[in-house]
Amino acid sequence: MSSGYKPDILWSPHHADRYVICDNELSLYRIGPAGSSETKAGTLPLSEETAATLLAINSDTPYMKCVAWYPKHEPECLLAVGQANGRVVLTTLGQSHNSKCKELMGKEFVPKHARQCNTLAWNPVDSNWLAAGLDKHRADFSVLIWDISSKFSPEAVPAEKVRMSGDADSGLVVTKPLYELGQNDACLSLCWLPRDHQKLLLAGMHRNLAIFDLRNTSQKTFVNTKAIQGVTVDPHFQDRVASFFEGQVAIWDLRKFEKPVFTLTEQPKPLTKVAWCPTRMGLLATLTRDSNIIRLYDMQHTPMPFGDEVEPTIIERSVQPCSESIISSFAWHPSAQNRMVVVSPNRVMNDFTVFERISLAWSSTTSLMWACGRHLYECAEDAGQGAAAAEKDIATKMRERAQSRYGHDTVQVWRNHVLAGGDDTQLRSLWYTLHYILQCSTYTENVEQKQQSNKQSLIYSGIKNIVKSSSGTTETRRCWSGSDRQTDVPRYHSEERSLALQLCGWISRGPDIDVEPFLKSLEQEGEWERAAAVALFNLDIRRAIQILHKGASSEKGDLNLNVVAMALSGYTDEKNSLWREMCSSLRLQLKKPYLCIMFAFLTSEPGAYDGVLYESRVAVRDRVAFACMFLNDAQLPRFIEKLTNEMKEAGNLEGILLTGLTKDGVDLMESYVDRTGDVQTASFCMLKVFVSCNFCGKSISYSCSAIPHQGRGFSQYGVSGSPTKSKVTSCPGCRKPLPRCALCLMNMGTPVSSCPAKADEKADLTRDKKLAQFNNWFTWCHNCRHGGHAGHMLSWFRDHSECPVSACTCKCMQLDTTGNLVPCDSV
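Here we summarise the structure given alongside this text. Owing to the predicted nature of the structure, the values given are computational and were not obtained by experimental measurement.

**Notes on the overall build of the chain**
Then comes step 1: In terms of regular secondary structure, the chain is built from 23 helices and 36 strands.
Then comes step 2: Split into buried and exposed, the 827 residues of the chain put 49% on the buried side.
Then comes step 3: Taking contacts inside the chain between residues at least 6 apart in sequence as the whole, the part at least 24 apart equals 51%.
Then comes step 4: Total accessible area on the chain is roughly 40600 Å²; 51% of this is exposed by carbon and sulfur atoms.

**Description of the nonpolar core**
Then comes step 1: Formed by 90 residues in total, the largest nonpolar core has its most connected members in Ile463, Trp506, Phe537, Leu548, Phe601 and Val624.
Then comes step 2: Setting aside anything within four residues of it in sequence, one finds Val624 in contact with Ile463, Cys504, Ile640, Leu643, Leu657 and Leu658.
Then comes step 3: Counting 19 residues, the second-largest nonpolar core is a separate cluster that includes Ala68, Ala80, Trp122 and Leu130.

**A few points about the environment of Trp480**
Then comes step 1: Within the fold, Trp480 resides in the loop between β33 (474-476) and β34 (491-493).
Then comes step 2: You can call Trp480 buried: its relative accessible area is 5%.
Then comes step 3: Trp480 sits 60 residues away from Asp540 along the chain, and the two C-alpha atoms are 5.8 Å apart.

**Thoughts on the packing of aromatic side chains**
Then comes step 1: In the structure shown here, the tally under the stated rule is 23 aromatic pairs.
Then comes step 2: Between Phe601 and Phe626, the ring centres sit 5.6 Å apart and the planes meet at 90 degrees, which makes this aromatic pair edge-to-face. Of this pair, Phe601 sits in helix α14 (residues 593-603) while Phe626 sits in helix α16 (residues 620-630), and the two are 25 residues apart along the sequence. Across this residue pair, the class does not change: Phe601 and Phe626 are buried.
Then comes step 3: The structure contains a cluster of three or more aromatic residues connected by ring pairs, namely Trp506, Phe518, Phe537, Phe601, Tyr609, Phe626 and Phe630.

**Side note on the pattern of salt bridges**
Then comes step 1: For the coordinates displayed, the defined rule picks out 31 salt bridges.
Then comes step 2: Its salt-bridge partner being Asp140, residue Arg115 comes within 2.8 Å of it at the nearest N-O pair. In this pair, Arg115 is assigned in the loop between β9 (108-109) and β10 (117-122) and Asp140 in the loop between β11 (129-134) and β12 (141-147), connecting sequence segments 25 residues apart.
Then comes step 3: Given the relative accessible area of 2%, Asp140 is considered buried.
Then comes step 4: With its nearest N and O atoms 3.0 Å apart, the salt bridge here joins Asp664 to Lys464. Of this pair, Asp664 sits in helix α19 (residues 663-676) while Lys464 sits in helix α7 (residues 462-468), and the two are 200 residues apart along the sequence.
Then comes step 5: It is possible to trace a salt-bridge network through shared partners that takes in Arg428, Glu525, Glu527, Arg530 and Asp622.

**Things to note about the sheet that holds strand β8 (residues 88-92)**
Then comes step 1: Read across the open sheet, the 5 strands follow the order β6-β7-β8-β9-β13; overall the sheet is mixed. Across the chains shown, the open sheet's two edge strands, defined by having one partner strand only, are β6 (64-69) and β13 (173-174).
Then comes step 2: Of the strand pairs in this sheet, strand β7 (residues 78-83) and β8 are connected by 5 bridges, and their pairing is antiparallel. Paired with Gly82 across the strands is Val88, a residue of β8.

**Remarks on helix α17 (residues 635-650)**
Then comes step 1: Here α17 spans 23 Å end to end across 16 residues, near enough to the 22 Å set by a 1.5 Å rise per residue.
Then comes step 2: Within the span of α17, buried status applies to Leu636, Phe639, Ile640, Leu643, Thr644, Met647 and Lys648. Buried residues of α17, viewed axially, fall in a sector of 160 degrees; they line one side. Looking at α17, the residues exposed on the side facing more than 90 degrees away from the buried face are Arg638 and Glu649.
Then comes step 3: The inward-facing, buried residues of α17 contact α7, α8 (495-504), α15 (610-613), α16, α18 (656-659) and α19.
Then comes step 4: Just past α17, the residue Gly651 takes up positive phi, approximately 65 degrees.

**Notes on the environment of Tyr406**
Then comes step 1: Relative to the helices and strands, Tyr406 is located in the loop between α3 (394-403) and α4 (416-419).
Then comes step 2: For Tyr406, a relative accessible area of 1% translates into the label buried.
Then comes step 3: In this structure the C-alpha to C-alpha distance between Tyr406 and Phe684, which are 278 residues apart in sequence, comes to 9.4 Å.

**Observations concerning the pairing of strand β21 (residues 248-253)**
Then comes step 1: Summarising burial for β21: 5 of the 6 residues are buried, a large majority.
Then comes step 2: In the sheet, strand β20 (residues 240-245) pairs with β21 via 6 bridges, with the strands oriented antiparallel. Looking at β21, one finds that Phe244 is bridged to Val249.
Then comes step 3: Counting the residues between successive antiparallel strands, the hairpin from β20 to β21 contains 2 residues, one of them, Glu246, with a positive phi of roughly 50 degrees.
Then comes step 4: Of the pairings in the sheet, the one linking β21 to strand β22 (residues 262-263) comprises 2 bridges and is antiparallel in character. Each bridged residue has a counterpart across the sheet, and for Ile251 the counterpart in β22 is Phe262.

**Brief notes about unusual backbone geometry**
Then comes step 1: Within the chain, Arg785 stands out as a residue other than glycine whose phi angle is a positive 70 degrees.
Then comes step 2: Looking at Arg785, the relative accessible area reads 56%, which means it is exposed.
Then comes step 3: Even without being a glycine, Ala807 presents a positive backbone phi close to 70 degrees.
Then comes step 4: Its location among the elements puts Ala807 in the segment after α23 (790-797).
Then comes step 5: In this structure Ala807 comes out as exposed when scored by relative accessible area, which is 84%.

**Comments concerning the side chain of Ser329**
Then comes step 1: Relative to the helices and strands, Ser329 resides in strand β27 (residues 329-332).
Then comes step 2: Of the residues examined, Ser329 reaches a relative accessible area of 4% and is grouped as buried.
Then comes step 3: In terms of polar contacts, Ser329 uses its side chain to reach the side chain of Lys273, at 3.4 Å.

**A short note on the packing of helix α12 (residues 560-569) against α14**
Then comes step 1: Following both chains from N to C, one finds α12 and α14 inclined at 5 degrees, their axes separated by 12 Å at the closest point. Relative to α14, the element α12 is oriented roughly parallel. Within the contact between the two elements, α12 uses Leu561, Val564, Ala567 and Leu568 and α14 uses Leu595, Met598, Phe599 and Leu602.
Then comes step 2: Per-class residue counts for the contact of α12 with α14 are 8 nonpolar, no polar and no charged.

**Focus: the environment of Phe109**
Then comes step 1: Along the chain, Phe109 turns up in strand β9.
Then comes step 2: Residue classification places Phe109 among the buried residues on the basis of a relative accessible area of 0%.
Then comes step 3: Apart from residues no more than four positions distant in its own chain, Phe109 is found in contact with Gly86, Arg87, Val88, Leu90, Trp146, Asp147, Ile148 and Val174.

**Brief notes about the sheet that holds strand β17 (residues 208-213)**
Then comes step 1: The 4 strands lie next to each other as β15-β16-β17-β18, forming an open sheet whose pairing is antiparallel. The open sheet is flanked by β15 (187-193) and β18 (220-224), the only strands paired with a single partner. Across this sheet, the average inter-strand angle for adjacent strands is 15 degrees, counted without regard to direction.
Then comes step 2: Here 6 bridges tie β15 to strand β16 (residues 200-205), and the two strands are oriented antiparallel to one another. For Leu193, the partnering residue across the bridge sits in β16 and is Leu200.

**Topic: α16**
Then comes step 1: Counting buried residues along α16, 11 of its 11 residues qualify, which places the element largely inside the surrounding structure.
Then comes step 2: Burial in α16 covers these residues: Val620, Arg621, Asp622, Arg623, Val624, Ala625, Phe626, Ala627, Cys628, Met629 and Phe630.

**So, a nonpolar patch on the surface**
Then comes step 1: A cluster of nonpolar side chains, namely Leu578, Met582 and Leu586, defines an oily patch on the protein surface of about 280 Å² accessible area.
Then comes step 2: Overall, Leu586 belongs to the partly exposed group, its relative accessible area being 39%.

How each quantity is defined
Counting from 1, residues in each chain are numbered in the order their sequence is written. pLDDT decides what is reported in this predicted model: residues at 70 or higher carry local features, side-chain atom pairs at 80 or more are listed and counted, and totals for whole chains, interfaces and linings draw on all residues regardless. Where side-chain values are given, they derive from all heavy atoms of the structure, hydrogens and water being excluded. Each helix corresponds to a stretch of at least 4 residues labelled H or I by DSSP, and each strand to a stretch of at least 2 residues labelled E; elements are numbered beginning at the N terminus. Any residue under 20% of the maximum accessible area for its type is buried, any over 50% is exposed, and the rest in between are partly exposed; the area is computed with a 1.4 Å probe on protein chains only. In what follows, a contact means two residues having at least one pair of non-hydrogen atoms within 4.5 Å. Methods summary: accessible areas were calculated by the Shrake-Rupley approach with a probe of 1.4 Å, and residue burial reflects only the protein chains presented. As used in this record, nonpolar core signifies buried Ala, Val, Leu, Ile, Met, Phe, Trp, Tyr and Cys residues forming a set joined through side-chain atoms within 4.5 Å. Here a Phe, Tyr or Trp ring, Trp counted by its six-membered ring, pairs with any other such ring whose centre lies within 6.5 Å, and the pair is stacked when the planes are under 30 degrees apart, edge-to-face when over 60, and tilted otherwise. When a carboxyl oxygen of Asp or Glu lies within 4 Å of a side-chain nitrogen of Lys or Arg, that pair is called a salt bridge. Should DSSP find at least two bridges between two strands, the strands are taken to pair. Here, expected helix span is obtained from the residue count minus one, scaled by 1.5 Å. Summarising the geometry, the arc corresponds to the directions from the helix axis toward the C-beta atoms. Pairs of N or O atoms are called polar contacts if they sit within 3.5 Å, as long as, within protein, a hydrogen donor faces a hydrogen acceptor (for residues adjacent in sequence, only side-chain-to-side-chain pairs). Only C-alpha atoms enter the line fits that serve as axes; for helices the fit covers just the stretch in contact. Angles between N-to-C directions range over 0 to 180 degrees. Roughly parallel refers to an angle under 35 degrees, roughly antiparallel to one over 145, roughly perpendicular to one between 65 and 115, and oblique to any angle outside these ranges. For this classification, the nonpolar set comprises Ala, Val, Leu, Ile, Met, Phe, Trp, Tyr, Cys and Pro, the charged set comprises Asp, Glu, Lys and Arg, and every other residue, Gly included, is treated as polar. Like-charged residues within 9 Å of one another, or nonpolar side chains (Val, Leu, Ile, Met, Phe, Trp, Tyr) within 5 Å, are grouped into patches, provided each residue has over 30% relative accessible area and no salt bridge.

Structure follows, in structure tokens:
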């Protein structure tokens, strides 16, 4: 390590908290926490956390050009100093009680001819060996290897050298080196190679890099190059060496030493130092003259000397340890990861850690992992409960829902919201809407199958389209239930309005309008306020009071419901009554929305029900059902249109009741996915509409749903395996045949159980007496558009990787990670 009068820095090889600054003198520092260092002369702050304390100064070695620290623990603090006249002097810092250190201190190694010593290198194994690189002399060698245990030979020392040393009587001058190498050349840098028991010495000579084998000094390996300065070996890869010339760094592989493996980007200014990080493989730091930044080169892949030459991946970055001053030199810490100390020309020092680039990775269970240096961190979602716990990521929710078989309950479709956790009101509304749609669809299949009515398709189109098609609306005025008093509240009736009430879940399928089953279900679920409101809207004030009393007396009931029941019991339809005046002014103070809209209804003028219709805390289906009963044919479509637009814009799944499974429904679902990222729910829902005919573009779901089977679900494009039911193999709109299965060649719509499967597949497909409904589903590749029955496709891809269609080379099942899943029945 060279040192002119610009400071250089060396870490102690055996004390992780000590280093030496060398310029015109040697200064030993100890580094420690800033808080533990006493404020005194010689204590210097290095960073916010660390400070350096001056321990010793050595000014006895003038004309220093290079310094090297003895590599072994004993004697500690022994340093070799190369001088301008070529001499190498052993010195120490501080007092040492080691007898060996006392013998060596002050010992000098003198070449035959005086010239500058450029570099020094201790042998890490044979620690008595010290290599010195000197300037050129025509009659002398430039690489001298000294044995520091050698004895003084007086006859070998010229008289003028004895006078120069001034230590003729001490016996501390050695003039005969152990090895002499590199005749008639100059040596600018040296390093011992870790191979072959440290008997190889790499030297940067005047015009080449040379490898000297001390077992046979008559032979050497060399390569002509200008990059001869600062030779250094990667401590983690013994065959990789770096050297530099002016602004360019060359990286060598000693197994293929004819030329550099690669060269790094040339810098505009000459380099002054390069050093491999001792704690991180493949990380090289470089410093240029008059610069305040250090460039780092992260070599990701080891260069291979054999076979095809591949340019390795190198990531270059710059760090700025100190912004104010120029960096004179730096040194990596020998054991602390990516830590270095830098020094400026005026001896300002900084303790600095190079932070690693952070590599992120998501696991399949949505936990986040990142690597930083030698550390691997994992960040998992907080599993805590209560309001303080952060909401789970949608990916976590979807995984948990999939594990609970969310979306697969095709018998009681409404239960899918329970499988999703049961705490999302929008999912609850969505699955109840799909449940009511299927109920109504099944009823029309049985009742109107012969009438070829379009009512079934109207069911799927949403209440918005249902009310637009309403005709034959009648207006009635009826008494309050249990009372002979006539009301002045008009109610409207039509077949389409009744259908809308069914989709809202207020009434059961069939001709009779009876809300009692709905009220009982609400009571069972403890929704007392909602049940009371529904009863009141059906003009049964006595039933509403009964429900409120029942709710107040329940196990977790609210006693305030009795007060509300008492207020209801005093209802009067007189316009100027005190009851009406007080309820109008105080209802807004009620915190529960259903209680609020009950009094809004009782105090509103006929047809002016904004207090009910625009109470956003009330479920959309209840507001829509109320509108279908109390708004006329002019008001109802306007309200439904406005509410639909609000739901679409907000991406609120409660709006599916209004849009149905139509394009408006797709727009709403798109807004929902954009807002939540819940593609899982959107996929299950949209499977019902958009399996469409290639010819006319109309959905084929309606035709397939005409085939009833046990366990039917909203995935109606799969058909029953019952041989007694008709098969629908054509589009309901244009009557063109549906696509054929690529394996059995039967039109889609034909049950798998009646498909003539191949002999080697038949046993596999008919293991169970009752085949899974999934086997009948339409399945196709989104890349090549080929497909068939899901059961046949799964069977095919158990043994094949390519598409079953002739001449198609698409790797269908490998396009998705689910292609690697193993069916549970094959485990």
